[in-house]
Amino acid sequence: MARHIDVRQRRARLARRHRLAYAARADSAVEVARDLVALHATDAATVHLAACARLTNPNIEAVEKALYDDRTLVRMLGMRRTVFVVPRETVPVIQAAAADAVAAANRRRLSQLLVDAGVTEHPDRWLAEAGEATVAVLGRLGEATGTELAAQVPALRTRVEMAQGKPYGGAANLTSQVLFLLASAGYIVRGRPRGSWISSQHRWSLLRDWLPDGLPEWSAPAARTELARQWLRAYGPAPVTDLRWWTGWGAGDTKKALAGLAVAEVGLDGGGTGLVLADDTEPVPEPEPWVALLPALDPTMMGWLDRAWFLGPHAPALFDRTGNVGPTVWADGRIVGGWAQRTDGEVRYRLLEDVGTGAAGQIAQAAAALAEWLGPVRVTPRFRTPLEKELSGAP
């Protein structure tokens, strides 16, 4: 009979392995990223807030140092065409396991766009020349914005009609399209932001500035197996459908990736079946009671497709219409509310269930501490959710 891992034990694993229990807090942002596999970076503020929520001594400067000075963390395109921040040693794994497929799809789409727009009948050659010119200029400059690169690479200033027939369509330069392709193919990365740590406008740099010895080669099958191993260590037990969703793989690639691992099936509360690594079936100790205020698109929230065991009935208040989660309040491995920052700096929150006086007091202290820690910084999630908009006073 398969071992059963109940919700209480899943929440204990989440608390410890995601560095949320107080005794499990990390000493560095690199440890956090490594233990969660990857930090979501679609929203620039998420990287820093997610890391600092899990650090013994939260420090924005330490996160920036790892990203831009030590370069032990790398911002890259990966699973599901999403931007992540990952440990430097994980870059080649994610590149081969997910980003290369994203790059191939990007190339096909952009090639068709070039032909349809009448730019060229030889899109492969056009893209190769545009990419080589961009990489050469970036190599000379060291780092540059898209606008600065377009000023020196005429191909990037090519204008085409985008999203024809749609309300948001119109003529646009190909700058971002070509840079996105180069990023997904592993040539360039987003470096320092133009503004503060909450800015979403980044300068571009060559990947070799982060990996001076180049990008170690992994075969796609081997990389997918390694990525599945890392994910199971951080997020297991979980159904196979969760792994497929998180990686963006098809059923065949997922099955092959798991075939290279020693895994075990376990029963889950509710009658489902989950997977864990074969050497990871023993229970972990439950931590002391804990609370946390996590940012929008936090990697813990975005680690599973099936979130019922920690989300409960709160999705309508905490998600937007396209599946993006806003800021959340946690207590002992489950979501109990949401929070937002007002223009005056106050961090307001609302509890969506009874947590008891002890946890309620801890949450109030955590909200006050977060407001003081943020100081003059104002964080507005890129994707606004119903409760976040209400608490922040947004129109």
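That block above? That's the structure.
Each residue is numbered by its place in its chain's sequence as written, counting from 1. With pLDDT at 70 or above as the cut-off, local features in this predicted model cover only qualifying residues; side-chain atom pairs require 80 or more to be listed or tallied, and sums for whole chains, interfaces and linings still use all residues. Excluded from the side-chain calculations are hydrogens and water; all other atoms, namely the structure's heavy atoms, are used.

Some details on the pairing of strand β7 (residues 188-193)
Put simply, the rule is: Any residue under 20% of the maximum accessible area for its type is buried, any over 50% is exposed, and the rest in between are partly exposed; the area is computed with a 1.4 Å probe on protein chains only. Helical segments are the DSSP runs of H or I of at least four residues, strand segments are the runs of E of at least two, and each set is numbered from the N terminus. Note on pairing: two strands pair once DSSP finds at least 2 bridges between them.
Burial of β7 is extensive: five of the six residues sit out of reach of the surface. In this structure, β7 lies alongside strand β8 (residues 202-206), joined through four bridges in antiparallel fashion. Counterpart to Pro193 in the pairing with β8 is His202.

Digging into the packing of helix α6 (residues 123-141) against helix α8 (residues 175-184)
For clarity, the cut-off: Axes here refer to lines fitted to C-alpha atoms; in helices the fit is confined to the stretch in contact. Angles between the N-to-C directions go from 0 to 180 degrees. An angle below 35 degrees is read as roughly parallel, one above 145 as roughly antiparallel, one from 65 to 115 as roughly perpendicular, and any other as oblique. Contacts: residue pairs with any heavy atoms within 4.5 Å of one another. Residues are grouped as follows: nonpolar covers Ala, Val, Leu, Ile, Met, Phe, Trp, Tyr, Cys and Pro; charged covers Asp, Glu, Lys and Arg; every other residue, Gly included, is treated as polar.
Where α6 contacts α8, the two axes come as close as 11 Å, and the packing angle between them is 80 degrees. On the basis of their axis angle, the class for α6 and α8 is roughly perpendicular. On the side of α6, the interface is formed by Trp126, Leu127, Gly131 and Thr134, while α8 contributes Val178, Leu179, Leu181 and Leu182. Split by residue class, the contact of α6 with α8 holds six nonpolar, two polar and no charged.

Some remarks on the nonpolar core
Here is the rule we go by: Working definition of a nonpolar core: buried Ala, Val, Leu, Ile, Met, Phe, Trp, Tyr and Cys residues. They are joined through side-chain atoms within 4.5 Å.
Counting residues in each nonpolar core, the largest one holds 123 residues, and the members touching the most others are Leu227, Phe310 and Trp330. Top element by residues in this core is helix α5 (residues 91-116). It accounts for 10 residues. Leaving out residues up to four positions away in the same chain, Phe310 has contacts with Arg11, Leu14, Thr300, Met301, Trp304, Trp330, Gly333, Arg334 and Ile335.

Details of the layout of surface pockets
Keep this limit in mind: Throughout, the protein atoms alone are placed on a 1 Å grid, and a set of points is a cavity if a 1.4 Å probe fits but cannot get out or a pocket if it is open with protein on both sides within 12 Å along at least five of seven lines; lining residues have an atom within 4 Å of a point. Grid points are joined across faces, edges and corners, and a volume is the space filled by probe spheres set on the points.
Here the largest pocket is characterised by a volume of approximately 780 Å³. If you go around the largest pocket, you meet 29 residues; those closest to its centre are Thr42, Val83, Arg190, Ser200 and Arg382. When residues of the lining of the largest pocket are traced back to their parent elements, those giving at least two are β3 (73-77), α7 (146-152), α8 and β8. For the lining of the largest pocket, the element with the most residues is α8, which contributes four residues. Split into classes, the residues belonging to the lining of the largest pocket amount to 10 nonpolar, 12 polar and seven charged. Approximately 440 Å³ is the volume attributed to the second largest pocket. Of all the secondary-structure elements, those providing two or more residues to the lining of the second largest pocket are α3 (44-52), β11 (291-294) and α14 (356-374). It is α14 that contributes the most residues to the lining of the second largest pocket, six residues altogether. Here the residues of the lining of the second largest pocket are counted per class, giving 15 nonpolar, three polar and one charged.

Quick notes on the packing of aromatic side chains
Put simply, the rule is: Between the rings of Phe, Tyr and Trp (Trp by its six-membered ring), a pair exists once the centres lie within 6.5 Å; its type follows the angle of the planes, with under 30 degrees stacked, over 60 edge-to-face, and the other angles tilted. Whether a charge lies above a ring is judged from NZ of Lys or CZ of Arg, which has to be within 6 Å of the ring centre and within 35 degrees of the ring normal.
Counted according to the given criterion, the structure contains eight aromatic pairs. Ring centres of Tyr235 and Trp246 lie 6.2 Å apart, and the angle between their planes is 40 degrees; on these two criteria the pair is classed as tilted. A residue pair is termed long-range when its members are at least 10 positions apart, and Tyr235 in helix α9 (residues 220-235) and Trp246 in helix α10 (residues 240-247) qualify at 11 residues. Its relative accessible area of 1% is what places Trp246 among the buried residues. Taken together, Phe84, Trp231, Tyr235, Trp246, Trp304, Trp309, Phe310 and Trp330 form an aromatic cluster joined through their ring pairs. Across the ring face of Trp309, the terminal group of Arg10 is positioned such that the distance to the ring centre comes to 4.1 Å. One Lys or Arg, Arg80, reaches over the ring of Trp245 and ends 4.5 Å from the middle of that ring.

Geometric descriptors of this kind do not, in isolation, establish any biological role.
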